[in-house]
Amino acid sequence: MLRRMFAFAAIAYLAVSASLAARSQVPGSAPAAEAAAAPAPPARDSSAARPSMPPPGSPGANPPAMRAAMAPPDSFAAERDSLMNDVLEKIAGRENAPAESVFKNIRLLKGVPAGRLPRIMNFGFGRSLGVRCRHCHVEGHWDAEDKPQKQIARDMSEMLHTINTELLPKVKNLKSEHPTVNCTTCHRGAVKPALNL
Ligand code: HEC
Ligand code: HEC
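Within every chain, residues take consecutive numbers counted from 1 along the sequence as written. Key to labels: chains lettered from A, ligands numbered from 1, both in the order written. It should be noted that, the model being predicted, local features are given only for residues of pLDDT at least 70 and side-chain atom pairs only at 80 or more, the latter also being counted only at that level, while totals for whole chains, interfaces and linings use all residues.

You'll find the chain entered in an unreviewed UniProt entry as C-type cytochrome, with Eiseniibacteriota bacterium given as the organism.

Okay, here's the thing in structure tokens:
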């Protein structure tokens, strides 16, 4: 259980900014509750999460200076936004209930407010890998285990948990107090992380 919470923390951590970005454009979201449910990013280490922060789909919500610093959205961003919003519409009114009480097949994101799940899908997973929802799902069959990529994503989250809570803390003399990796650290918008520059 504790392990699971940590795995969630790793994902939620990378998705915090995403939900911040999505607030302004998604009707029915519950910003305060989401913020409360999100683990606070380590105070002196927000730079670690910055690269994954650019909020796709809501450029108008940001001042020009910020916009200039953001990576452009990938080519599937609009499609993902639309599918994310479909799911959010379906669960309207239940955003703050635990994901497992609203969705059918939740193993990894237990305890996460349901309204955050579609945002984790879009910004945490889809954008980090540069893929459509259908890379891991048959569209609309969200609860099914149709594609191996869905379970791989869970296994990757476990791997992150181990890196962030066991391996990285053992590395001495790092500059950050809480050095962190997330999906973007390796994937950087691609399915297959690079081995060469
Ligand atoms: C990299 C793989 C991946 C991508 C891309 C992805 N998902 Fe998921 N999705 C998952 C995993 C893993 C779960 C199960 C989470 C768990 O076990 O708690 C899931 C679960 C879901 C669920 C809950 C279904 C249920 O009833 O149990 C919905 C809804 C969903 N995804 C929608 C989407 C949408 C919409 C997109 C695109 C915006 C998307 N997903 C993109 C991996 C992915
Ligand atoms: C430490 C680096 C690293 C991190 C962090 C990481 N991945 Fe991966 N991921 C990989 C590597 C390496 C592969 C294998 C690519 C290959 O087939 O050669 C991979 C493959 C995948 C695949 C299979 C892609 C396909 O269809 O072939 C999925 C899905 C995936 N990762 C999701 C995630 C998600 C979601 C996260 C964050 C929770 C994540 N990864 C974090 C390194 C990483």
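Considering the overall build of the chain
Let me state the cut-off plainly: Secondary structure follows DSSP: runs of H or I at least 4 residues long count as helices, runs of E at least 2 residues long count as strands, and numbering of each begins at the N terminus. Backbone-placed C-beta atoms define the burial measure: a residue is buried with 20 or more other C-beta atoms within 10 Å of its own, exposed with 12 or fewer, and partly exposed in between. We call two residues in contact if the C-beta atoms placed from their backbones are at most 7 Å apart.
On a plain count of helices and strands, the chain comes out with eight helices and zero strands. Mapped in sequence order, the helices and strands of the chain form the string α-α-α-α-α-α-α-α. Taking all 197 residues of the chain together, 31% fall into the buried category. Sequence separation of at least 24 residues holds for 68% of the intrachain contacts in the chain that already meet a minimum separation of 6.

Quick word on the site of ligand 1
As a reminder, the rule being used: For each residue, a C-beta atom is positioned from the backbone; the residue is called near a molecule or strand if that atom sits within 6 Å of it. All amino acids are sorted into three groups, where Ala, Val, Leu, Ile, Met, Phe, Trp, Tyr, Cys and Pro are nonpolar, Asp, Glu, Lys and Arg are charged, and the leftover types, Gly among them, are polar.
Looking at ligand 1, there are 29 residues lining it, with F103, M121, C133, C136 and D143 nearest. Elements with a minimum of two residues in the shell around ligand 1: helix 4 (77-90), helix 6 (117-129) and helix 7 (148-167). Per-element accounting of the shell around ligand 1 gives the leading share, seven residues, to helix 6. Each residue belonging to the shell around ligand 1 can be placed in one class, and the counts come to 17 nonpolar, six polar and six charged.

Some words on the site of ligand 2
The environment of ligand 2 is formed by 17 residues, the closest being Q149, A153, M156, C183 and C186. Sorting the residues of the shell around ligand 2 by element identifies helix 6, helix 7 and helix 8 (183-187) as the ones contributing at least two each. For the shell around ligand 2, the element with the most residues is helix 7, which contributes six residues. The class makeup of the residues in the shell around ligand 2 is 12 nonpolar, four polar and one charged.

A look at the nonpolar core
Nonpolar side chains tend to gather and get buried jointly when the protein is soluble and globular. The line we're drawing: Each nonpolar core comprises buried Ala, Val, Leu, Ile, Met, Phe, Trp, Tyr and Cys residues, the members being joined through C-beta atoms within 7 Å.
One finds M84, A99, L109, L117, I120, M121 and F125 to be the most contacted residues of the largest nonpolar core, which totals 15 residues. Elements that contribute at least two residues to this core include exactly helix 4 and helix 6. Of all the elements, helix 6 adds the most residues to this core, at five residues. Excluding residues that lie within four positions of it along the chain, L117 makes contacts with A99, F103, L109 and V112.

Regarding the confidence of the model for the chain
We apply this condition: Along the chain, pLDDT gives the predictor's confidence residue by residue, from 0 to 100.
Summing up the model confidence of the chain, the mean pLDDT is 76 and the portion of residues at 70 or higher is 64%. Long-range and interchain partners of residues 1-10, a stretch whose pLDDT sits below 50, account for 18 contacts in this model, where long-range means more than four residues apart. Between residues 12-68, whose pLDDT stays under 50, and residues either more than four places distant or in other chains, the model counts 90 contacts.

Structural notes on unusual backbone geometry
One non-glycine residue, N173, lies in positive phi territory at about 65 degrees. Within the secondary structure, N173 sits in the loop between helix 7 and helix 8. For N173, a count of 4 C-beta atoms within 10 Å gives the class exposed. A positive phi angle is found at R188, which is not glycine, with a value near 45 degrees.

Looking at the environment of C186
Considering the arrangement of structural elements, one finds C186 in helix 8. The spatial distance from the C-alpha of C186 to the C-alpha of L129 is 9.1 Å, given a sequence separation of 57 residues.

Quick notes on helix 6
This is how the line gets drawn: One fewer than the residue count of a helix, multiplied by 1.5 Å, yields its expected span.
Relative to the 18 Å expected for 13 residues at 1.5 Å per residue, helix 6 spans 17 Å between its end C-alpha atoms, a close match to the ideal helical length. Among the residues trailing helix 6, G130 stands out with phi positive, at a value near 70 degrees.

Notes on helix 4
In this model, helix 4 (14 residues) spans 20 Å end to end at C-alpha, consistent with the 20 Å of a helix rising 1.5 Å per residue. Within helix 4, the full set of buried residues consists of R80, D81, L83, M84, V87 and L88. The inward-facing, buried residues of helix 4 contact helix 6.

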